[in-house]
Amino acid sequence: MRVLLIEDNPGDARLIAELLKDAPGGPFELEAEGSLTSGLARIEAEPFDILLLDLTLPDAHGLETVERVLNHVSVEVPVVVLTGLDESGTASRALDMGAQDYLTKGRISPDSLERSMRYSIVRHHAERALRESEEHYRLLVENANELIITTDMELKVTYVSPSVERNTGFTPEEGLGRSTREFITEESFRSVSEVFAEQFARQVETNTDPPVPVRVEVEQLRKDGSTYPAELSAGFLRDKEGNPYGVLVVSRDITKQKEAQARLRDSEEKYRTLYESSRDGIVSCDLDGRFTGANQAFLDMLGYEMEELSEMTFEQVTPANWHELEREIVGRQLVSKGYCDEFEKEYIRKDGTTMPVSLCVWQTTDKQGERNGAVGIVRDISERKRIEEERRKLSQELERRVIERTAQLQSAYKELEAFSYSVSHDLRTPLRAIEGFSRILEEEHSESIDGEGLRLLSVIRQNCDYMAELIEHLLMLSRVDRRELAEREVDMNELVGNVIGELEPSIDGRAVEFEVDELPHAMGDPVMWQQVWDNLLSNAVKFTRETDVARIKVGSLRGDGENVYFVKDNGAGFDMRYADKLFGVFRRLHSPEEYEGVGIGLAVVQRIVRRHGGRVWAEGKPGEGATFYFTALPVEE
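Given the structure is predicted, the values throughout are model-derived calculations rather than measurements.

Student: I tried to follow the overall build of the protein chain on my own but got confused; where do I start?
Tutor: For the protein chain, the helix and strand inventory stands at 17 helices and 24 strands. Burial statistics for the protein chain: of 637 residues in total, 38% are counted as buried. Sequence separation of at least 24 residues holds for 57% of the intrachain contacts in the protein chain that already meet a minimum separation of 6.

Right under this line is the structure:
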């Protein structure tokens, strides 16, 4: 035991040292200081088990010595005061200030010194533990969310925790001396009085407390008159002899708990309503597959009562050919994922008929998280299966009709090919004969034919040429429909350049300005796309003939999943009221005398664009030019 002695009298210091040598329970390690200042410094620097303190020192005297020691922040050791024969009153007051014991010089023996030090250490540790316990209790009470009240046996408040203000609006000072009935509604007070009275009477009679405090729910009153739900826990406060002298009451605000309970009840009610009113069957079973519950929809599906179903397993209402598949699906997915993806099966009704259903299954667990069964949602898909069967039959019928229609189209194509052959040979042959004979008449017999006759021969030849052109364009139109698409990536810039190059001889001597933007590539048949550009650019050149400076612009726009191309000119234009006639066969908005042509070119453009899955349209204004647009599929990046 390390002992620090603060004593300025060398004789008294030697006496204490000698007493410690002879004291039982040693050894004792004694260190001595002659002043309070040096003693306190020693305590700060080294650990000691006990301090022996003389009250009369050079730098401190009497109770001032004790006060300075006990107020020193570093002093955490028990203090035994050493007094003279005439200082008993001072020593007593030192004990009140916090010293553990005092010894009178001249009356100290080795035994009394050893006992005093041992007693002081034990008492010091006990007091410190008590202080720490009280501090913990104080912090607990002052920071608790619960309202903590102590009362006397007449239920008058003797203490109230600071949380009273947060919970009720009363300050702790306002709560003291009040009756506990002032903190709850009158109805609550009446309901709890009987409970507490009975319990407390039993406790008083048996002089024992119950295993758990008495608990009851009340409506707690706030200062503003409003209320909130609370749970009161109460028990007796007892003195050292076990006699009750008061009551400890803990009030816990259970507003959130009540709200949670209300939400739970509401949720359960919604679930019950959903469960009972669902058009789908909802069914549960245990780990053995035995039914444990089912809603009315499921019972109606199968025709059983719940009492009957509870004696059965799901395999008993499942056709045998589904057992293996269902066990494989449920066993594999339910264990690994906790649920099964929706699958289809059949159930056997009570009357022996079967019905198709779709089924989703989820695993259920108990409070410990252990699997205890499964719950499933069953949907009657009889109507869906009926519709699917009707669709299957309809699909077969449509397929048959498509085959018939395809055969008809193939026959029509053969007829078209025959027509094309006829046009190409049967119509051209007499046309060439008429044109040839009229030429012979004009060249070899012009002397015997008058002027009117020659004029008529010229008209015949012109109409033959026009008829030949019509036949050629009709054949071109039929080839567009019959030609197989050779789809690939097409460089539209190259096609436009080729067409402009081919048109240059026909515009020699005219002022024609071409403006061509960079065009995105497209998908399709390059031969057909070249025909589109040729027809549109040829029209632009033709219909700007009367313009001093022809300006033709070729560009593109980016559409939604498509490329939009256009050809714009400043030529004759057209009236938008007749825009729907532009793409018809032999439909012209200008006379042949104004602009040559047979009215096939734009019809060819439309058919090619549509065969590529695109659209074509035009905008114009008489005398101000026209713009023709068409779309094509872009190249996938």
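Student: Explain the sheet that holds strand 24 (residues 625-632) here, please?
Tutor: Hydrogen bonds between backbone groups are what pair the strands of a sheet, and the pairing can be parallel or antiparallel. Taken in spatial order, the five strands line up as 19-21-22-24-23 in an open sheet, and their pairing is mixed. Among the strands making up the open sheet, the edge pair consists of strand 19 (512-516) and strand 23 (616-621). Ignoring which end each strand starts from, the neighbouring axes of this sheet average 15° apart. Looking at chain direction, strand 22 (residues 563-569) and strand 24 are connected through seven bridges and run antiparallel. Across the sheet, the residue bridging to N563 is A632, located in strand 24. Those strands touched by helix 16 (residues 526-542) are strand 19, strand 21 (550-558), strand 22 and strand 24, and its axis lies near 170° from that of strand 24.

Student: When you look at the sheet that holds strand 13 (residues 281-285) in this model, what are you seeing that I'm missing?
Tutor: Taken in spatial order, the five strands make up an open sheet running 14-13-17-16-15, and their pairing is antiparallel. Of all strands in the sheet, those bounded by a partner on one side alone are strand 14 (291-294) and strand 15 (339-348). This sheet shows a mean twist of 30° between the axes of neighbouring strands, independent of strand direction. The pairing of strand 13 with strand 14 spans three bridges and is classified as antiparallel. The partner of C285 across the bridge, within strand 14, is F291. Here helix 12 (residues 323-337) sits on the sheet and contacts strand 15, strand 16 (354-365) and strand 17 (371-380); the angle it forms with strand 15, its principal contact strand, is near 155°.

Student: Can you walk me through the pairing of strand 10 (residues 214-221) in this structure?
Tutor: The side chains of a regular strand alternate between both faces of the sheet. Only one face of strand 10 is buried: it carries V214, V216, V218 and Q220, and the other face, with R215, E217, E219 and L221, is open. Where strand 10 and strand 11 (residues 227-238) come together, eight bridges link them in antiparallel fashion. Bridged to V218 within strand 11 is A230. Between strand 10 and strand 11, which pair antiparallel one after the other, the connecting turn spans five residues, and G225 there sits at a positive phi close to 95°.

Student: What exactly am I supposed to notice about the nonpolar core here?
Tutor: Residues M492, W529, W533, L537 and F630 are the most contacted members of the largest nonpolar core, which totals 40 residues. In terms of residue count, the dominant contributor to this core is helix 16 (eight residues). Sequence-distant contacts of W529, defined by excluding residues within four places in its chain, comprise V490, M492, L495, M523, G524, V609, H612, F630, T631 and A632. Residues F291, L299, L302 and A374 belong to the second largest nonpolar core, which totals 23 residues.

Cut-off values and rules
Residue numbers restart at each chain and count upward from 1, following the sequence in its written direction. Reporting of local features is limited, given that this is a predicted model, to residues whose pLDDT is at least 70; pairs of side-chain atoms are given and counted only at 80 or more, and all residues count toward the totals for whole chains, interfaces and linings. Where side-chain values are given, they derive from all heavy atoms of the structure, hydrogens and water being excluded. Elements are defined by DSSP. Helices are runs of H or I of four residues or more, strands are runs of E of two residues or more, and each kind is numbered from the N terminus. Accessibility here uses a 1.4 Å probe with only protein chains present; expressed as a share of the type maximum, an area under 20% marks a residue as buried, one over 50% as exposed, and anything in between as partly exposed. The contact rule is simple, with two residues in contact once any of their heavy atoms fall within 4.5 Å. When DSSP finds two or more bridges between a pair of strands, those strands are recorded as paired. Angles shown run from 0 to 180 degrees and are taken between the N-to-C directions of axes, each axis being a line fitted to C-alpha atoms and, for helices, limited to the stretch in contact. To qualify as a nonpolar core, a set must consist of buried Ala, Val, Leu, Ile, Met, Phe, Trp, Tyr and Cys residues joined through side-chain atoms within 4.5 Å.

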